[in-house]
Amino acid sequence: MAMPGFVLQVRPRDDGDATIRVGFTVTKKIGNAVVRNRMKRRLRALARDLLPEKGIAGADHVLIGRQGGIERDYQALTAELAKALTRAASPDTGGHDKPREPRVHHGRGKGRSPRGGAHRQPASPTQEPA
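Residues numbered from 1 in each chain as written. Predicted model: local features only at pLDDT ≥ 70, side-chain atom pairs only at ≥ 80, totals over all residues. Heavy atoms only, no water.

The protein goes by Ribonuclease P protein component in an unreviewed UniProt entry, where it is assigned to Sphingomonas yabuuchiae. The protein has a UniProt comment under Function (unreviewed entry) that states "RNaseP catalyzes the removal of the 5'-leader sequence from pre-tRNA to produce the mature 5'-terminus. It can also cleave other RNA substrates such as 4.5S RNA. The protein component plays an auxiliary but essential role in vivo by binding to the 5'-leader sequence and broadening the substrate specificity of the ribozyme." (UniProt positions renumbered as here; feature names shortened; annotations may be inferred.)

The next subject is the nonpolar core. In terms of nonpolar packing, the biggest core is built from 22 residues, with Phe 6, Leu 8, Leu 43, Leu 63, Leu 81, Ala 84 and Leu 85 touching the most fellow members. In this structure, Leu 8 is in contact with Met 1, His 61, Val 62, Leu 63, Leu 81, Ala 84 and Leu 85, ignoring residues within four places of it in sequence. (Core = buried A, V, L, I, M, F, W, Y, C linked by side-chain atoms within 4.5 Å. Buried < 20%, exposed > 50% of the residue type's maximum accessible area, 1.4 Å probe, protein only. Contact = heavy atoms within 4.5 Å.)

Below, the discussion takes up the pairing of strand E2 (residues 21-25). Examined bridge by bridge, E2 and strand E3 (residues 59-65) share five bridges and lie parallel to one another. Its bridge partner lying in E3, Phe 24 is registered against Leu 63. Handedness of the E2-helix H1 (residues 33-54)-E3 crossover: left-handed. (Pairing = 2+ DSSP bridges. Helix = DSSP H or I, 4+ residues; strand = E, 2+ residues; numbered from the N terminus. Right-handed = clockwise from strand over helix to strand, strands pointing away.)

This paragraph deals with unusual backbone geometry. If you check the backbone angles, Asp 14 has positive phi at about 55° while not being a glycine. Considering the arrangement of structural elements, one finds Asp 14 in the loop between strand E1 (6-12) and E2. Residue Asp 14 is classed as exposed on the basis of its relative accessible area, which comes to 73%.

The topology assignment puts Ala 59 in strand E3. Classification of Ala 59 by relative accessible area gives buried; the value is 0%. Taking the C-alpha atoms as reference, Ala 59 lies 7.3 Å from Thr 19; in sequence the two are 40 residues apart. Apart from residues lying up to four places away in sequence, Ala 59 is in contact with Val 10, Arg 11, Pro 12, Arg 13, Thr 19, Ile 20 and Arg 21.

With that settled, the discussion passes to the packing of H1 against helix H2 (residues 74-89). Contact pair H1 / H2: the axes reach a minimum separation of 10 Å and the direction vectors enclose 40°. Accordingly, the angle class assigned to the pair H1 and H2 is oblique. The interaxial crossing formed by H1 with H2 has right-handed handedness. Contacts from Arg 42, Ala 45, Leu 46, Ala 47, Asp 49, Leu 50, Leu 51 and Lys 54 of H1 reach H2 at Tyr 74, Leu 77, Thr 78, Leu 81, Ala 82 and Leu 85. Here the contact of H1 with H2 is composed, by residue class, of ten nonpolar, one polar and three charged. (Axes fitted to C-alpha atoms, helices over the stretch in contact; angles between N-to-C directions. Parallel < 35°, antiparallel > 145°, perpendicular 65-115°, else oblique. Left-handed = near helix turned anticlockwise from the far one by under 90°. Nonpolar A, V, L, I, M, F, W, Y, C, P; charged D, E, K, R; others polar.)

Written out as structure tokens, the structure reads:
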């Protein structure tokens, strides 16, 4: 579930163990080590506050920090995580967001150019030369 401050991924383990496991990740795109560690501390605090009550038993939860997460208000992050956990637990979505629409590529792809070079298809002969 993508939220403005983080992305939540939930995967049931189906191993009979009801333990809630959690992991955290913040990429280098977010900032330097100080910023990333600060974001991970916020995510840990969110998980500590909400996962025991709203987490899915027997599932792995992964919180991925997003660019705007460090500036977001803690109460907003708490509300977003509660909403994401509710959506993940709902049976109507099966814990999954809607599938994405396929992306359309409008650039010049490999071998798809109508003109030029080694990628040009040989012309089909329509008439025999006289």
